[in-house]
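Analysis of the macromolecular model
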Amino acid sequence: QVQLVESGGGLVQAGGSLRLSCTASAPRGTFSSYSMGWFRQAPGKEREFVAVIGWMGAGTATFNGDSVKGRFTISRDNADTTVYLQMNSLEPEDTAVYYCAGSARLRMIGSTLPGATVPSFYNSWGQGTQVTISS
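The paragraphs below set out a description of the structure included in this document. From a predicted model like this one, the values you see are computed outputs, not experimental measurements. (Residues numbered from 1 in each chain as written. Predicted model: local features only at pLDDT ≥ 70, side-chain atom pairs only at ≥ 80, totals over all residues. Heavy atoms only, no water.)

Some words on the nonpolar core
Grouped burial of nonpolar side chains is what soluble globular proteins tend to show. Counting 27 residues, the largest nonpolar core has Met36, Trp38, Val50, Phe72, Leu85, Met87 and Tyr98 as the members making the most contacts within it. When contributions to this core are tallied by element, the ones reaching two or more residues are strand S3 (18-25), strand S4 (35-41), strand S5 (48-55), strand S7 (72-77), strand S8 (82-87), strand S9 (96-103) and strand S11 (129-134). The element contributing the most residues to this core is S3, with four residues. With sequence-adjacent residues up to four places away left out, Tyr98 is seen in contact with Glu6, Leu20, Trp38, Phe39, Arg40, Val50, Phe72, Leu85, Met87, Gly128, Thr129 and Val131. Phe39, Val52, Ala101 and Leu106 belong to the second largest nonpolar core, which has 10 residues in total. (Core = buried A, V, L, I, M, F, W, Y, C linked by side-chain atoms within 4.5 Å. Buried < 20%, exposed > 50% of the residue type's maximum accessible area, 1.4 Å probe, protein only. Helix = DSSP H or I, 4+ residues; strand = E, 2+ residues; numbered from the N terminus. Contact = heavy atoms within 4.5 Å.)

Structure, rendered in structure tokens:
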């Protein structure tokens with residue numbers, strides 16, 4: 001299990017950008033084997049899948065939720081044990097608490113990452129960072 005700490009949230013105007021960071025404390029050499037995801041939760045709503053970057057052994061694959069495709073990009077730096085979420089063209093509907101999550105369970109099957117959108121497949125969570133988009 002890894003310890004996760006998010007940063008980078010804040011208040012921006014619609015159309016602006018933010019980059020979230022998630023730094024992991026993991027046993028040496030293990031971080032690269034984790035699939036890392038971002039979820040978000042707005043008041044009164046269920047936790048929503050945003051993006052995931054999966055472990056493929058020799059490389060990574062990324063998947064985005066439908067509501068953020070073309071606007072958000074997930075990436076990772078295994079040397080720094082950090083995952084990023086670059087968010088562009090932000091909309092008021094993107095306002096939420098954003099959570100970083102890690103999973104040692106998710107594995108690529110062909111070109112898919114089964115379970116990636118399901119919070120229960122992740123065993124490590126950060127405390128969340130607030131993102132607020134003003135209109």
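Details of the state of the cysteines
Linking two cysteines covalently through their sulfur atoms gives a disulfide. Per the counting criterion, the structure on display carries one disulfide. Each sulfur in the disulfide pair Cys22 and Cys100 lies 2.1 Å from the other. Disulfide Cys22-Cys100: torsion about the S-S bond near -80°, hence left-handed. A residue pair is termed long-range when its members are at least 10 positions apart, and Cys22 in strand S3 and Cys100 in strand S9 qualify at 78 residues. (Disulfide = S-S within 2.5 Å.)

What to know about the packing of aromatic side chains
Here the structure, examined in full by the defined rule, presents five aromatic pairs. Taking the centre distance of 5.8 Å and the plane angle of 75° together, the rings of Phe39 and Phe49 count as edge-to-face. Residue Phe39 is found in strand S4, and its partner Phe49 is found in strand S5; the two are separated by 10 residues along the sequence. Judged on exposure class, the residue Phe39 and its partner Phe49 are both buried. Judged by centre distance (6.5 Å) and plane angle (75°), the ring pair of Tyr99 and Trp125 falls under edge-to-face. (Phe/Tyr/Trp six-rings, centres within 6.5 Å; stacked < 30°, edge-to-face > 60°.)

Some remarks on the sheet that holds S8
In spatial order, the strands read S1-S3-S8-S7; together these four strands make up an open sheet with antiparallel pairing. On the outer flanks of this sheet lie strand S1 (3-7) and S7, each paired with one strand and no other. Averaged over all neighbouring strand pairs, the angle between strand axes comes to 15°, with direction disregarded. In this sheet, S3 lies alongside S1 in antiparallel orientation, the contact comprising five bridges. Residue pairing across strands places Val5 opposite Thr23, the latter belonging to S3. (Pairing = 2+ DSSP bridges. Axes fitted to C-alpha atoms, helices over the stretch in contact; angles between N-to-C directions.)

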